[in-house]
Amino acid sequence: MRLTIASGVAAFTAAVLLYPLFEGGTWFWSSLGVVLAVVGAGLVSSRLSLPAWAAPLLALAAVWIYLTMSFAAEEAWGLLVPTKASVLELGRLLGVGWADIQRFAAPVPATEGIVLLTTGGVALIAVTVDLFAARLRRAALAGLPLLALATVPATILPDPISWPAFIVAALGFVGLLIADGHERVGHWGRAVLVRRTRMAVTPSSGASRSSAPRGTADTSGLRLSGKRIGFAAIALAVLLPALLPSMEPVSFFQFGVGGSGTGGRGSSISIPNPIANLKGQLELPERRVVLTYANNDNQPRYLRIYALDTFDGQQFGMTKPRGLAEDRTDNGPLPVPPGLTERTKVTNVVTDVQISDEIEELKFLPLPYPPREIQVDGDWRADADTLMVFSIGDEAAGLDYQVATTEPAPTRELLESLPYDRDAVDPRFLRLPGNLPPEIRRLPRQILGDGVSSPYEAAVKLQKWFTQDGGFTYNLRTQGHSNSALADFLLHTRAGYCEQFAASMAVLARLVGIPSRVAIGYTGGTAVGGRWQVGTNDSHSWPELYFDGVGWLPFEPTPAGALGQGSARVPAYSVPAPETTGRATTPTPGSSSSAADEPIDPGARQNPRAVDRESRLLPTGSLPQEESTPLIAKVGVGLGALLLLLLVPAAMRLVTRNRRVRALGGRPAAAAGPPDGPAARAAAGEGRADRHPSVAAVWAELDDVLYDYGLARQSSETPRALARRLVQQYEFDAEAAAALSAIAATVERVLFARDPGRVGPLRKELRTVRQALAATVSRGRRIRAVLMPPSTLRRLRGLGERLLDGFDLLETIRLRRTAAQKGS
C-alpha cells in the first residue's frame, strides 16, 4: 500500500510542472481528483491481492467513473454510472479540447475540453506509474512516464521549468524510490533504529530494539546512500544551472517549411515561416538592435524581408523564391518591378544598410521596396516576381550593403484613374480557400456600402475601417491565424497585432478583387546620430496591394502611435482626402493620419503585457541588448559564485580555528561548553574538560589538524601514546617533540589528576606542533587542508546523517507504534 500512495504522490507532483500551460486552477483540482481515484483503485487492488494485469484495469474503470462524474454527470445514470450518452459527451469534449489546444498558445484558457484532456493525460500517467512501481516492482522504470509528463512544458514553452516546481516533482520521485527501498528492506526483516547513523535489520521474531544480533544485515549504508544520492542530485540540479552564465538563443529567425504555400524545401533555399517569431520580437520589453541604415533623403522606410503570397485558410505562406544566374545582384540592375510603368512618378533613393553581426541564419536581405540595384558581397539573387533578395549559402549577419530603389510616389488622382485588370497579375494573389466563412465573405459589402468608384477607393476604405471606423485595438494577446481565429478577429474581438491586421486586410482586399500579399520586415525605426536604428520592437507585418501601372504599394491597417505599434506609419497616398471645408490641408509624405498615429521612440515604448511574459516569449536570435551585461561578465559572475560556494568549508574551518585560538588566550573558566568534535569528546571527556576550555580547544584543534593532514588519531590511543607515536614515526625535532608532549601531558592531567594544577594557554605549543605536522605531508595535502578541510566536511556529513536519521527515527516510531497496537 505504501508504494501505491507513493506512486500517486509522484504522479501528482510531476503534474505540478504543467502549471505554466494553463490559466486558472481548474486543471489542478481536476488532476488531483483523478490521481486520488487511481490511488483508491490501487489500494483496493492491493487489499484484494489482484494480479498485476488486473490492477490497471480497475484503475482505468475508476478513472472512467471519475471523468463521467466530473464532465458528463447529466448524461450518466445516477450522476455516476457511465451510459452511452455520457460516453458521447466525453468524446465530444475531447474533440473540442483537441481543437482548442491547436488554436490557443500557452497559457491556454481552462475550457472544459482542455481540462478533460489534461485530466485524462494525468490519469494515464498515474496508472502507468502505479503499474511499474506497485505492481511490477520496477520503481526506477516509473520515472519514464513521469519524465514524459515533465517534457510537455519543456517542449511547448521556451523558458525553463521553474526550480520550485522541479524540486516538488523530484521529491515526489525520490519519495517513490525511498518507498520502494523500504518495501525491499521490509522483505529482509524488521527495521530497527539502534543508534544515530546506525540502522540494522533483525529477524522478525524476538529482536531487541537496543542492539542487533551478530550476523544480521546492516542496511544503514544502503538506505542512507540512497537518500544522499537523491537529495544531492536535486540540490545539484537546482544550484548548478543557477551558477552557470545564461546564454542567449543562437538564431534570430527560424527556417523551415512554412505555412501551406506552394513552396517547400528544395535545392535552392528553404521556405521560412517568419510569422512564427514576429510576436516574440514585438513582446520584448527591452529593445534589441537589428540593423541601422542611412539614405540620401534622411527619411524612414519600411524594410521588407519576406512577401507571403498564398493563403490556404489557415495562414499566409510563401512560394519558394527562384533566383536565376542572371538575377544575381552583382550582374547589374535587378528585374523591373512588376506593374510599375513610366506614367508613375518615382523617387530614386540610395540606402546604406548595416546588419548586426550577431544575427544568424538570415538568408534574406531587409530592403526598401522596390530595389533597383544592390551592392553586396556574396552570392545574392533576386526573385523576379517579388524582388525578395536571398542567398543559398551566404548569410546576412554583419553585412554592409547599399541598395538603390525606385520608389513610386503616386497621387490620389493617379490611383483613382488607374484601369482595373484582374489578369494583369498572377492569380495566386487573388486566390482564397473555398471554406472561408460566409460571414467574412459578406463583410466587404458591409464596409464599402453600396459601391466604390475604384479599387483604390476600396483599399482606402478598408484601411480606414481597421484604423478608425471598425473599433479595432492593438493587443499582442491573440492566438493563431486559422479561419476561426480570423473570424474572431474580424467579427468579435477586433483586437490583435500586426499579423492579424495585415492578414485580415489582405483577405478582404482579395474579396473585393484587389491582388494582395503580406509583407514581413521592419518599420523605419528611430533616428539616432544621423542613422536610422531598427530594433526588435520594430518587427512588423503589413499588406501590399497591387495596382496596375504603379505596382505593389504598402498599406497600414495596424494602429500606430502610443496605443499601437509605435513606429508604424500610414502612407500619405492611403489617407482619405480631407473634406474641403475652409482651408484645405494636404498631408505630407510619411505623415500620420492622426495625432495618435504619430510614431514614438520604440525604445521608450513598452507593450502592455510584455514585462510578465519576457521569459516565455524570447526570440530565437542572439542580438546585442542595449546596456546589457557582456557575456564575459556573466561568466565571471557565475565562476565567482561557484568559487564562493567551494570556499564555504574553508571559511567554516577558519572561523572554528580562530574561535579555538581565542579560547587558548583566555583565562580558565569554572565551566564551559563541551569540546569541539566527536574525537575530542571521546578522548578528553566532558566533565573535567568543561572546567578547562583551553585544554578542550587545543585538543580539538590538534585532532582536526591530524584529520586534515591524513594523520588521524587511532581510537584506542591515549594522548601520551599518540604523542610518542607521532614523534617516533615522523622524527620531530626537540622543540616539536617537547611541545607535543606538553599538550599530551596537560590533557592527561586535566582528565585524570585530582588536581591538575596550573594549566597554561598552550597557544605556542599548538602552533609548533601544527608546523611540524605540516612539514610531514605534501604540498597538495596542505592546500587541500586549507581549501577543502576534511574535518569540516566530516562535520557537514555528520549533520546530513543526523538529518536523515531523523526521518528514520520517525519511521521507527511509527513502526513501534504499529507493533504495539498489534500486541494489544
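All of these numbers come straight from a predicted model, not from anything done at the bench.

### Some words on the overall build of the protein chain
- Looking only at helices and strands, the protein chain features 23 helices and 18 strands.
- Looking at the protein chain as a whole, 48% of its 824 residues are labelled buried.
- Across the protein chain, every contact between residues at least 6 apart in sequence was considered, and the portion connecting residues at least 24 apart equals 73%.
- Within the structure as shown, the protein chain displays about 39,500 Å² of accessible surface, and the carbon and sulfur contribution to it stands at 58%.

### Digging into the side chain of Thr746
- You can see Thr746 is positioned in helix H20 (residues 734-752).
- Overall, Thr746 belongs to the buried group, its relative accessible area being 6%.
- Among residues more than four places away in sequence, those in contact with Thr746 are Val695, Val759 and Leu762.

### A word on the pairing of strand S14 (residues 516-522)
- Counting buried positions along S14 gives 7 out of 7 residues, so the element sits mostly inside the fold.
- Burial of S14 is two-sided: the residues Ser516, Val518, Ile520 and Tyr522 facing one way and the residues Arg517, Ala519 and Gly521 facing the other way are all buried.
- In this sheet, S14 lies alongside strand S4 (residues 303-308) in antiparallel orientation, the contact comprising 5 bridges. Residue pairing in the sheet places Leu308 in a bridge with Val518 of S14.
- The pairing of S14 with strand S17 (residues 539-547) spans 7 bridges and is antiparallel. Within S17, the position partnered with Tyr522 by the bridge is Ser539.

### Digging into the nonpolar core
- Counting residues in each nonpolar core, the largest one holds 71 residues, and the members touching the most others are Leu291, Tyr306, Leu365, Tyr401, Phe466, Leu490 and Leu508.
- The residues touching Phe466, leaving out its near neighbours within four places in the chain, are Phe472, Phe489, Leu490, Phe501, Ser504, Met505, Leu508 and Pro557.

### Re the environment of Glu413
- Within the secondary structure layout, Glu413 lies in helix H10 (residues 412-417).
- Sequence separation between Glu413 and Tyr573 is 160 residues; the distance between their C-alpha atoms is 9.6 Å.

### A closer look at the packing of helix H1 (residues 2-15) against helix H5 (residues 112-135)
- Contact geometry of H1 with H5 gives a least axis separation of 9 Å together with a crossing angle of 145°. The handedness of the crossing between H1 and H5 is right-handed. Side by side, H1 and H5 meet where Leu3, Thr4, Ser7, Ala11 and Ala15 of the first sit next to Val122, Ala126, Val129, Asp130, Ala133, Ala134 and Arg135 of the second.
- Here the contact of H1 with H5 is built from residues that sort into 8 nonpolar, 2 polar and 2 charged.

### Structural notes on the sheet that holds strand S7 (residues 346-355)
- With antiparallel pairing, the 6 strands of this open sheet are ordered in space as S8-S11-S7-S3-S16-S15. Looking along the sheet, the strands with just one partner apiece sit at the ends: strand S8 (371-375) and strand S15 (526-528). Each strand axis lies, on average, 30° off the axis of its neighbour in the sheet, ignoring direction.
- Inspection of the sheet shows strand S3 (residues 289-295) paired to S7 by 5 bridges, in the antiparallel sense. From the neighbouring strand, Ala294 faces S7, where its bridge partner is Asp352.

### Topic: the packing of helix H3 (residues 54-71) against H5
- Closest axis-to-axis distance for the H3/H5 pair is 10 Å, and the angle between their directions is 160°. In terms of axis orientation, H3 runs roughly antiparallel to H5. In this structure, H3 crosses over H5, and the sense of that crossing is right-handed. Contact with H3, carried on its side by Ala55, Pro56, Ala59, Leu60, Val63, Tyr66, Leu67 and Phe71, involves Glu112, Val115, Leu116, Thr119, Ala123, Leu124, Val127, Leu131 and Arg135 of H5 and no other residues of that element.

### Considering helix H21 (residues 763-774)
- Helix length check: H21 (12 residues) gives 17 Å between terminal C-alpha atoms against 16 Å at 1.5 Å per residue, within 8%.
- Within H21, burial applies to Leu766, Thr768, Val769, Ala772, Leu773 and Ala774.

### So, the side chain of Thr329
- Looking at the secondary structure, you find Thr329 in the loop between strand S6 (316-317) and S7.
- On the basis of relative accessibility, which here comes to 3%, the residue Thr329 falls in the buried class.
- Sequence-distant contacts of Thr329, defined by excluding residues within four places in its chain, comprise Leu334, Ile374, Val376, Trp380, Arg381 and Val389.

### A closer look at the environment of Val115
- As for its placement among the helices and strands, Val115 is situated in helix H5.
- Considering only alpha carbons, one finds Val115 and Gly25, 90 residues apart in sequence, at a separation of 9.9 Å.
- Here Val115 is in contact with Thr26, Trp27, Ser30, Phe71 and Ala110, once residues within four sequence places are set aside.

### Focus: the pattern of salt bridges
- Summed over all chains, the structure comprises 26 salt bridges.
- In this structure, the salt-bridge partner of Arg660 is Glu701, at a minimum N-O distance of 2.9 Å. A residue pair is termed long-range when its members are at least 10 positions apart, and Arg660 in helix H16 (residues 648-665) and Glu701 in helix H18 (residues 693-708) qualify at 41 residues.
- Residue Glu701 is classed as buried on the basis of its relative accessible area of 1%.

### Focus: H3
- Counted at 1.5 Å a residue, the expected span for H3 with its 18 residues is 26 Å, and the 26 Å between its end C-alpha atoms agrees.
- For H3, every residue scored as buried is listed here: Ala54, Ala55, Pro56, Ala59, Val63, Tyr66, Leu67, Thr68 and Phe71.

### Structural notes on the confidence of the model for the protein chain
- On average, residues of the protein chain score 74 in pLDDT, and 71% of them are at 70 or above.
- The weakest mean pLDDT in the protein chain belongs to strand S2 (residues 198-202) at 41; the strongest belongs to strand S18 (residues 551-554) at 92.
- The low-confidence segment residues 668-687 (pLDDT under 50) makes 34 contacts with residues lying over four places distant or belonging to another chain.
- Contacts of residues 813-824 to residues separated by more than four positions or lying in other chains number 3 contacts, the stretch itself having pLDDT below 50.

### Remarks on a nonpolar patch on the surface
- Taken together, the side chains of Leu643, Leu647, Ile783, Val786, Leu787 and Met788 make up a nonpolar region of the molecular surface, amounting to roughly 500 Å² of accessible area.
- It is helix H22 (residues 779-787) that contributes the most residues to the nonpolar patch, 3 residues altogether.
- Looking at where Met788 falls in the secondary structure, it is placed in the loop between H22 and helix H23 (790-823).
- Accessibility expressed as a relative area gives 32% for Met788, which makes it partly exposed.

### Some words on unusual backbone geometry
- Here the amide bond leading from Tyr369 into Pro370 is cis, since omega sits at -5°, within 30 degrees of zero.
- Mapped onto the elements of the fold, Pro370 is located in the loop between S7 and S8.
- Phi at Leu387 is positive, roughly 60°, even though this residue is not glycine.
- Position of Leu387 among the secondary structure elements: in the loop between strand S9 (380-382) and strand S10 (389-391).
- The class for Leu387 is buried, based on a relative accessible area of 1%.

### Notes on the sheet that holds S14
- Strand order across the open sheet formed by 4 strands is S4-S14-S17-S18, with antiparallel pairing between neighbours. Only two strands of the sheet have a single partner each, and these edge strands are S4 and S18. Each neighbouring strand pair of the sheet contributes to a mean axis angle of 35°, computed without reference to strand direction.

The rules behind each value
- Residues numbered from 1 in each chain as written.
- Predicted model: local features only at pLDDT ≥ 70, side-chain atom pairs only at ≥ 80, totals over all residues.
- Heavy atoms only, no water.
- Helix = DSSP H or I, 4+ residues; strand = E, 2+ residues; numbered from the N terminus.
- Buried < 20%, exposed > 50% of the residue type's maximum accessible area, 1.4 Å probe, protein only.
- Contact = heavy atoms within 4.5 Å.
- Areas by Shrake-Rupley, 256 points an atom, 1.4 Å probe, with all protein chains shown as cover.
- Pairing = 2+ DSSP bridges.
- Core = buried A, V, L, I, M, F, W, Y, C linked by side-chain atoms within 4.5 Å.
- Axes fitted to C-alpha atoms, helices over the stretch in contact; angles between N-to-C directions.
- Left-handed = near helix turned anticlockwise from the far one by under 90°.
- Nonpolar A, V, L, I, M, F, W, Y, C, P; charged D, E, K, R; others polar.
- Parallel < 35°, antiparallel > 145°, perpendicular 65-115°, else oblique.
- Expected span 1.5 Å × (residues − 1).
- Salt bridge = Lys/Arg side-chain N within 4 Å of Asp/Glu carboxyl O.
- pLDDT = per-residue confidence, 0-100.
- Patch = residues over 30% accessible without salt bridge, like charges linked within 9 Å, V, L, I, M, F, W, Y side chains within 5 Å.

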